[in-house]
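# A closer look at the structure
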Protein chains: 2
Amino acid sequence: MVKIAVLGYGTIGSGVVEVLETNRDIIAKRAGEEISVKYILDLRDFPGDPHEELVVHDYKMIRNDPEVDIVVEAMGGVEPAFTFAKQAILAGKHFATSNKALIAKHGAELIAMAQERSLNCLYEASVGGGIPIIRPLNSCLTADVIEEISGILNGTTNYMMTKMSEEGSDFDDVLKDAQKKGFAEADPTADIEGYDACRKIAILTSLVCARQVDFEDIHTEGITKITAADIRYAKAMGKRIKLLGCSYRIGDQYCAIVAPYLLDEGNPLFGVNGVFNAIFVRGNMLGDAMFYGSGAGKLPTASAVVGDIVDIVRHKHVSITMEWKPDKVELADYRNLRNRYFVRTTADAAAIEAAFGEVSYVQAEGMDDELAFLTEEMDGYAYEAAAGKLDGILQCIRVR
Amino acid sequence: MVKIAVLGYGTIGSGVVEVLETNRDIIAKRAGEEISVKYILDLRDFPGDPHEELVVHDYKMIRNDPEVDIVVEAMGGVEPAFTFAKQAILAGKHFATSNKALIAKHGAELIAMAQERSLNCLYEASVGGGIPIIRPLNSCLTADVIEEISGILNGTTNYMMTKMSEEGSDFDDVLKDAQKKGFAEADPTADIEGYDACRKIAILTSLVCARQVDFEDIHTEGITKITAADIRYAKAMGKRIKLLGCSYRIGDQYCAIVAPYLLDEGNPLFGVNGVFNAIFVRGNMLGDAMFYGSGAGKLPTASAVVGDIVDIVRHKHVSITMEWKPDKVELADYRNLRNRYFVRTTADAAAIEAAFGEVSYVQAEGMDDELAFLTEEMDGYAYEAAAGKLDGILQCIRVR
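Keep in mind that this is a model prediction, so the values were computed, not measured.

### Observations concerning the environment of Leu43(B)
Residue and element names in this part refer to chain B. The topology assignment puts Leu43 in the loop between β2 (35-41) and β3 (55-56). Judged by relative accessible area, which is 80%, Leu43 ranks as exposed. For the pair Leu43 and Ser139, spaced 96 residues apart in sequence, the C-alpha to C-alpha distance is 37 Å.

Written out as C-alpha cells, the structure reads:
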C-alpha cells in the first residue's frame, strides 16, 4: 500500500482523488500496489465531502509523516508549492505535480534534488494536460536530435480562435463566451497574452536541450490583437490562426517563440480545434510526429498526474532518467527565425513594394479600405527593417 | 560501452546502424553509455559496406558471445526470429524488435521469458513505426480504463486511400503507382487485405487487455473492394475512407475489427493522409488522445528501435513493467459493434425501405444507375438481417 498526500483540493486535486477512486483496481494492478490518499492539504474545509476527514491545513503533518511516500501538488503557482516540494523531497518523499509555473521556474532544481536521493519528481500534467508528452520526450524520442517542437499549448485560446473562425465573431465577444462556459478565467491574462503557453514551451525546450530555459527569455505575443478581419483573410487563404509555442534548432542553438501563426491545411496542427491541444515534434531521424488530446480539464489532467503516481510506485527506489540540468541555456534571438508574414496596411501597393519588394496580395470580402499581402520568407530582422519603411501597418501575423 | 548485435541488414536493420552512427553522441548521453554494434547477422555479404567486417552468417557467434548485451531483431517474419529471440533471452541478453508478426504471435511469451530473467523485450517499432505508442500505453496511460484504441495502422493503404481521394483514381491504378514509388510491395496482399493492420491492432489490444489477443480472432476486411465510385460518394458526404484497426471495450470484453471506415471531418483521424499513421485512444478519465507520425520508413522505424535500445541500456538490470500475460483473451463478436452503414445498391427505394426502414439517401454526380444510403446506427446482426432482405447490394462501408 502506497500512501500519498494531495496538496490542493481544487479542480485538479479533487480530480486526482476521483481518478484514483474510479479506476482503483486497474491502477493497483498496473502499479503493483494499492494507492491510498492519506491527506488532502487545503486552506478550506469541505464539510459533507466524502473525503472531509482527510483534509488537513498544516503541511508539517504531511512532511513529517513517514507513511507518506508521494506528495502530489495541485495547488498551482510558484509559492508555497516550491517550498512544499523541496521539503517533501528532503523528507525522502517522491513528488508529482501538474504545476507548470513551478516546473518552468524550478523544474531542473527539483529534479536534481530528487535524483540525488534516488527519488522521482514527475510533471507529465504540467504541459498538454492529459496528453503524454513529457514521458515520450524523456523515454521514447531518445534516438533523435529534436529539430523542432511546437504546439497548441493552451486550450482557452484555441477554443477562442476556433470560435472566431467558426462564427466570424470578434475577440471580445468570444472571450465573454469562453468565460461564461468556464473555458476562460475571470482574469484571462495568462491565457490570452500567451504567458501560459510560454511556460509550457519553456518546459518542453528545457527537455529538448537537457538544460534550463528561462521562460522570461522567450518572446511572447498573445492573441489579443487578432480580429474578425484577420479571420476573414485567413479563411480566404484556406488557413487558420492558432496560438503556437514553438522551439526550433538553429545550428547548435535553440530558438523559442510564442505567437499567433497562420497554418495551412497540410499542417498537422491545422485540424486541432476547440479546447484540444497538440504538440508537434520533428526529429532528425523520426521525421514528424504529433501528440494530440485534452490540454486541460479536471479528469484528463488528473489522469496524467495519476499516471505519474503509478510510474513513481513502479520506481520507488530508483530515479527515472531525466536529462534536465540546472545550467541555463542561452536561446538564439527569435528574429533569426525565418517565415512568411501576413500584413495588412492602409498604405498603397507602391509603398508596400518599395518596402517589401515582391509580395502576394490577399483579398477578402468587404475589406476595401486596406491592402493585405504575404511577404516572401524572411527573418525577423529583415521583416522589421521592411516594416519600418511602411506606414499604416494594421496587422502582422507569422505564416508557417 | 554496450554491445549490440543487429539481426537482418535490410531496410530497418541498416537504419538502426545509421541512426546509432548519426546521433552517436546524443544517444550515448541519453543512454548513459556508448552503444556499439558488434555484429550484423545476415545471409548476404555486403562487400564495400562500411560495416562489412561486422557481418556474420552464424547466429551462434552472437548467442554465445557474452559481450553482446542486446540482440536487435529486424528480419521480419515469425521464424527464425522467434528461435533467435528465445536463444538470446536464454543467453541473458536483452531483446528489441520491430517485427509485428513475431510480437503479435509470441509477444506475451517473450516478455514473460525476459521478465523471469530481469531482462527486457521491447517492441516499440512493431506498431506505428516511429510513432511512440507502445511505451505511452505501458507507462503513460496507466490511470485509465481504455475504452477504445483505433488507428490508421498501415501506411501503404493510407497512401492509396489518400491518392484515390485526391485523384479520383481507381484502386488498381493507385496500387501500381504505390508499387512504383516503393510504398507498396510487389506482393501487396498483407497490406491491402488488412493483415498487417490486423497484427498491429492485435498487439495494441493485447496491451490494453494485458493479455494475449490472437490476431486470427480479429475480423479483417481490406480495401480491395473500395472503388472510385465509393470515393465520389465519400466526397459528396464530406467524408474520407480510411482503413482502420479498431478495438472497443464493450462491458467487460473487448471487440476488435479491421475494416475500411467512412470518417467525417470532426474525427481526429480524418486529416491523417499519405503514408502517415495515427493511433486514437479514448480513456475513461483521459478522454480522447491521438498519436501521429510516420508509420513506416527506414529512419522513423529505426528511431523507434534505437529508442528501445536506449531504454534497455537505462534498465540493464531490471525489467520495465509490462502487463501482457500469455493467457488468451476471448474477444466479443465484432457484430456487437454499432455503427451506421453506407450502402450502395441497384435496388429501388421501396425495396431499400422494406429492408432497412428509414434511411438517408446520398447523392453523388454521375451515379444514376444505383441508389446509395446511410442506415441508422445498428449492430452487425441487424445489418446482416436487413441486408439479407435486399437484392443488388454493390457496396457496404461502416461509418463512424
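### A short note on the sheet that holds strand β6 (residues 121-122) of chain B
Residues and elements named next belong to chain B. Spatially, the six strands line up as an open sheet ordered β3-β2-β1-β4-β5-β6, and their pairing is parallel. The open sheet has two free edges, formed respectively by β3 and β6, since each of these has just one partner strand. In terms of strand pairing, strand β1 (residues 2-7) meets strand β4 (residues 68-73) through five bridges, oriented parallel. Bridging from a neighbouring strand, Val6 pairs with Val72 of β4.

### Brief notes about the packing of helix α4 (residues 81-90) of chain B against helix α5 (residues 100-116) of chain B
All names here are of chain B. At their nearest, the axes of α4 and α5 sit 11 Å apart, and the two run at 10° to each other. Classed by the angle they form, the pair α4 and α5 counts as roughly parallel. Residues Ala81, Phe82, Ala85, Lys86, Ile89 and Leu90 of α4 form the contact with α5, whose own contacting residues are Leu102, His106, Glu109, Leu110, Met113 and Ala114. Of the residues in the contact of α4 with α5, the class split is nine nonpolar, one polar and two charged.

### What about the pairing of strand β4 (residues 68-73) of chain A?
Residues and elements named next belong to chain A. Across the six residues of β4, five count as buried, placing the element largely inside the fold. In the sheet, β4 pairs with strand β5 (residues 94-97) via four bridges, with the strands oriented parallel. In the sheet register, Glu73 faces β5, and the bridge partner there is Thr97. Taken together, β4, helix α4 (residues 81-90) and β5 constitute a β-α-β crossover, and its handedness is right-handed.

Definitions and cut-offs
Residues numbered from 1 in each chain as written. Chains lettered and ligands numbered in written order. Predicted model: local features only at pLDDT ≥ 70, side-chain atom pairs only at ≥ 80, totals over all residues. Heavy atoms only, no water. Helix = DSSP H or I, 4+ residues; strand = E, 2+ residues; numbered from the N terminus. Buried < 20%, exposed > 50% of the residue type's maximum accessible area, 1.4 Å probe, protein only. Pairing = 2+ DSSP bridges. Axes fitted to C-alpha atoms, helices over the stretch in contact; angles between N-to-C directions. Parallel < 35°, antiparallel > 145°, perpendicular 65-115°, else oblique. Contact = heavy atoms within 4.5 Å. Nonpolar A, V, L, I, M, F, W, Y, C, P; charged D, E, K, R; others polar. Right-handed = clockwise from strand over helix to strand, strands pointing away.

Nothing here speaks to function; it is geometry throughout.
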